[in-house]
Amino acid sequence: MSNITKMIAEGKGKRIYATDNPDEVVVYYRDKAFAFHGLKRGRIVGKGEINNLICEYIFSMLTEKGIPNHFIRRIDDRSSLVRRAEIIPFVVKVRNIVAGSLAKRIGYPDGAKLKNPVIEYCLKSDELEDPLINSTHVTAMSLATIEEVQLMKQLSLKVNEILGQCMAEINIELIDFKLEFGRYKGEIIIADEISPDSCRFWDEGTHEPLDIDRFRHDMGDVAEAYREVLHRLTGYVLKNSEEE
Ligand code: C5P
């Protein structure tokens, strides 16, 4: 059993605590919500608890399918034990349908189909607004080796297949998502979270977003949408529970 020692990082939607095992940390999921590189801030009541359960479900499914990731086990309502990875400072985005920043960049309407999944790399920097980079920037800046980038891309495409199929079974379209990776004992693993905070999920019938876009664009019923994703995935029905 790993015991919490001290808080080591406070991210946007999470806190990270060290444990007495140097290879493991505890992630505590918060209700705080951020958008537009921290310019918009708010709170989605119950989000921490919901995302903790959604991450448990998705990471466990990926582990079963052989996709290396940081998740070890859920500890309580808002916390999970994860492997302590050295985070790679760029993210991978995978897109199946045009939305968000891609719609702006290429001038296609939201909802336009893409003939194949689009892979993007973005530098992790709120100050620079997470600029788009490519694999030559990654190696030129020594962010990762070319082998690591290739592996991250392959793993991202596998997650796209597995998660896309899982969501399709519950009538949710996987529009796009973002992954973070880390190095752990010589291996590349998926870190951070996979939740409505980091994915675009649209109801298949209505095309209504069931994700953080509801918060970004003041669409209302944000917590309800997160709870709906959790309910369809796991069958759990959660009541509003505020963060202490
Ligand atoms: O904003 P954009 O269209 O580039 O986002 C693509 C995907 O990455 C979306 O699912 C979005 O929620 C996610 N994302 C994220 N964290 C960010 C920016 C985008 O999880 N800082």
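Preceding this paragraph is the structure being described.
Attention here is on the structure that accompanies the text. Worth saying up front: this structure is predicted, and the values here are computed from it rather than measured.

Remarks on the overall build of the protein chain
- Counting its secondary structure elements, the protein chain contains 6 helices and 14 strands.
- Taken against the 2.2 N^0.38 rule, which gives 18 Å for 244 residues, the C-alpha radius of gyration of the protein chain at 17 Å falls within 12% of a compact globule.
- Taken along the three principal axes of its C-alpha coordinates, the protein chain extends 50 × 50 × 35 Å.
- The proportion of buried residues among the 244 residues of the protein chain is 51%.
- Restricting to contacts in the protein chain with at least 6 residues of sequence separation, those with at least 24 account for 57%.
- Carbon and sulfur atoms make up 49% of the accessible area of the protein chain, which amounts to about 12,000 Å² in all.
- Each charge class in the protein chain can be summarised by its mean position, and for the 34 positive and 40 negative side chains these summaries are 2 Å apart.

Some details on unusual backbone geometry
- Even without being a glycine, Asp130 presents a positive backbone phi close to 45 degrees.
- In this structure, Asp130 sits in the loop between strand S10 (113-123) and strand S11 (132-133).
- Residue class for Asp130 comes out partly exposed when judged on its relative accessible area of 26%.

Examining helix H1 (residues 47-64)
- With 18 residues, H1 extends 25 Å from end C-alpha to end C-alpha; this agrees with the ideal 26 Å at 1.5 Å per step.
- Most of H1 is tucked away: 13 of the 18 residues are buried.
- Backbone geometry just downstream of H1 places Gly66 in the positive-phi region, at approximately 80 degrees.

Some details on the site of the ligand
- Not every one of the 15 residues close to the ligand is listed here, only the nearest: Lys93, Arg95, Ser101, Asp176 and Arg200.
- Within the contact set of the ligand, a nitrogen atom lies 3.5 Å away from a side-chain nitrogen or oxygen of Asp130.
- The fraction of the free accessible surface of the ligand (450 Å²) that becomes covered by protein chains is 84%.
- Only strand S9 (90-97), helix H2 (100-106), strand S12 (172-184) and strand S14 (199-203) provide two or more residues apiece to the shell around the ligand.
- Across the shell around the ligand, the residue classes tally to 4 nonpolar, 3 polar and 8 charged.

Observations concerning the pattern of salt bridges
- All chains considered together, the criterion is met by 25 salt bridges.
- Residue Lys178 is joined to Glu180 by a salt bridge in which the shortest nitrogen-to-oxygen separation is 3.2 Å.
- Overall, the relative accessible area of 22% leaves Lys178 in the partly exposed class.
- Residues joined by salt bridges that share partners form a network here, namely Arg95, Arg105, Glu120, Asp176, Arg200, Asp213 and Arg216.

As for the pairing of strand S13 (residues 187-191)
- When you tally the buried positions in S13, you get 4 out of 5 residues, the bulk of the element.
- In this structure, S12 lies alongside S13, joined through 5 bridges in antiparallel fashion. Opposite Arg183, over in S13, you have Ile188 as the bridge partner.
- The hairpin turn running from S12 into S13, its antiparallel successor, is 2 residues long, and Lys185 in that turn takes a positive phi close to 50 degrees.

Quick word on the nonpolar core
- With 57 residues, the main nonpolar core has Phe90, Leu163, Met167, Phe181 and Ile194 as its most contacted residues.
- Of the residues that make up this core, three or more belong to each of domain 1 (4-85 + 221-234) and domain 2 (86-203).
- In this structure Phe181 touches Glu86, Ile87, Ile88, Val92, Met152, Leu155, Ser156, Ile188, Ile189, Ile190 and Ala191, once residues within four positions along its chain are discounted.

So, how was this worked out
- Residues numbered from 1 in each chain as written.
- Predicted model: local features only at pLDDT ≥ 70, side-chain atom pairs only at ≥ 80, totals over all residues.
- Heavy atoms only, no water.
- Helix = DSSP H or I, 4+ residues; strand = E, 2+ residues; numbered from the N terminus.
- Rg over C-alpha atoms; globule rule 2.2 N^0.38 Å.
- Buried < 20%, exposed > 50% of the residue type's maximum accessible area, 1.4 Å probe, protein only.
- Contact = heavy atoms within 4.5 Å.
- Areas by Shrake-Rupley, 256 points an atom, 1.4 Å probe, with all protein chains shown as cover.
- Lys, Arg positive; Asp, Glu negative; His and termini not counted.
- Charge placed at Lys NZ, Arg CZ, Asp CG, Glu CD.
- Expected span 1.5 Å × (residues − 1).
- Near = heavy atom within 4 Å.
- Polar contact = N/O pair within 3.5 Å; in protein donor to acceptor, adjacent residues only side chain to side chain.
- Nonpolar A, V, L, I, M, F, W, Y, C, P; charged D, E, K, R; others polar.
- Salt bridge = Lys/Arg side-chain N within 4 Å of Asp/Glu carboxyl O.
- Pairing = 2+ DSSP bridges.
- Core = buried A, V, L, I, M, F, W, Y, C linked by side-chain atoms within 4.5 Å.
- Domains from an automatic or database assignment.

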